[in-house]
Amino acid sequence: MRVVRCGGMLAVALLGISLAPKAAGQTRERDLPPGPMQEKARQACLSCHTSQIIVQQQLDRRLWAKEMDKMIRWGAPVAAEDRESLIDYFTQNFGPHDASLSEPPLPPGPGAGRVRRACLGCHDTSIIMQQQLDRREWTRLLNKMIRWGAPVRPAEREAILNYLATHFSPSAKAANKEN
């Protein structure tokens, strides 16, 4: 059995991925639903980040497999014989949203498709919409996400920043309230 260990530097980086902190007093044990893979999911995932990043994903089985493989490459301690069972656990508990509970779509506009492709593989739309950052803050956050592996090509970086600053900044929020 080969288990890959999560490195210290990776753990520090992944701690910052979750943009929504856990509620005070909430334990990791309550975050993941019970099941035969709950403890292995805790060991594989929660040593580097909170469960919020898992819960918000709502991925289908194919995308959970892709995410699992990425985390294993990054050092998540997942035994080869547990991979499929963990993917099943995540798909069953954190699969696609019920259509009646679906999130609001990103507002239309230049760059929306690029943001969808670059950001929604790891984040749901609500985490983007709630940020309300100015352009400088969006630049800093986008640069960090690129360093962490966000699929952003240099040629599309500016379009993504323009879209985020146009739709999810304090001035955009104020303009929406006026309308």
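Scroll up to find the structure this text is about.
Here goes a summary of the coordinates provided. Bear in mind the structure is a predicted one, so any value in this text is a computation, not a measurement.

### Quick look at unusual backbone geometry
Okay, so step 1: The backbone of Gln132 sits at a positive phi, close to 50°, despite the residue not being glycine.
Okay, so step 2: Its place among the elements puts Gln132 in the loop between helix H8 (125-129) and helix H9 (135-147).

### A look at the pattern of salt bridges
Side-chain pairs of opposite charge can arise whenever the charged atoms involved come near each other.
Okay, so step 1: Applying the stated criterion to the full structure yields 11 salt bridges.
Okay, so step 2: Residues Asp82 and Lys40 are paired through a salt bridge, measuring 3.1 Å at the closest nitrogen-oxygen approach. Placement of Asp82 in the loop between helix H5 (61-73) and helix H6 (83-94) and of Lys40 in helix H3 (residues 38-45) is noted, with a sequence separation of 42 residues between them.
Okay, so step 3: Between Asp88 and Arg61 there is a salt bridge; the shortest N-O distance is 2.8 Å. Here the residue Asp88 occupies a position in helix H6, and Arg61 occupies one in helix H5, the gap between them amounting to 27 residues.
Okay, so step 4: A relative accessible area of 33% means that Arg61 is categorised as partly exposed.
Okay, so step 5: One connected set of salt bridges, linked through shared partners, spans Arg61, Asp69, Arg83, Glu84 and Asp88.

### With respect to the packing of H9 against helix H10 (residues 154-167)
Okay, so step 1: Two elements in contact, H9 and H10, have axes separated by 10 Å at closest approach and are oriented at 135°. Taken together, the axes of H9 and H10 are oblique relative to one another. Relative to H10, the crossing made by H9 is right-handed. Contacts between H9 and H10 involve Arg135, Trp138, Thr139, Leu142, Asn143 and Ile146 on the former and, on the latter, Arg157, Glu158, Ile160, Leu161, Asn162, Leu164 and Ala165.

Thresholds, definitions, all that
Residues numbered from 1 in each chain as written. Predicted model: local features only at pLDDT ≥ 70, side-chain atom pairs only at ≥ 80, totals over all residues. Heavy atoms only, no water. Helix = DSSP H or I, 4+ residues; strand = E, 2+ residues; numbered from the N terminus. Salt bridge = Lys/Arg side-chain N within 4 Å of Asp/Glu carboxyl O. Buried < 20%, exposed > 50% of the residue type's maximum accessible area, 1.4 Å probe, protein only. Axes fitted to C-alpha atoms, helices over the stretch in contact; angles between N-to-C directions. Parallel < 35°, antiparallel > 145°, perpendicular 65-115°, else oblique. Left-handed = near helix turned anticlockwise from the far one by under 90°. Contact = heavy atoms within 4.5 Å.

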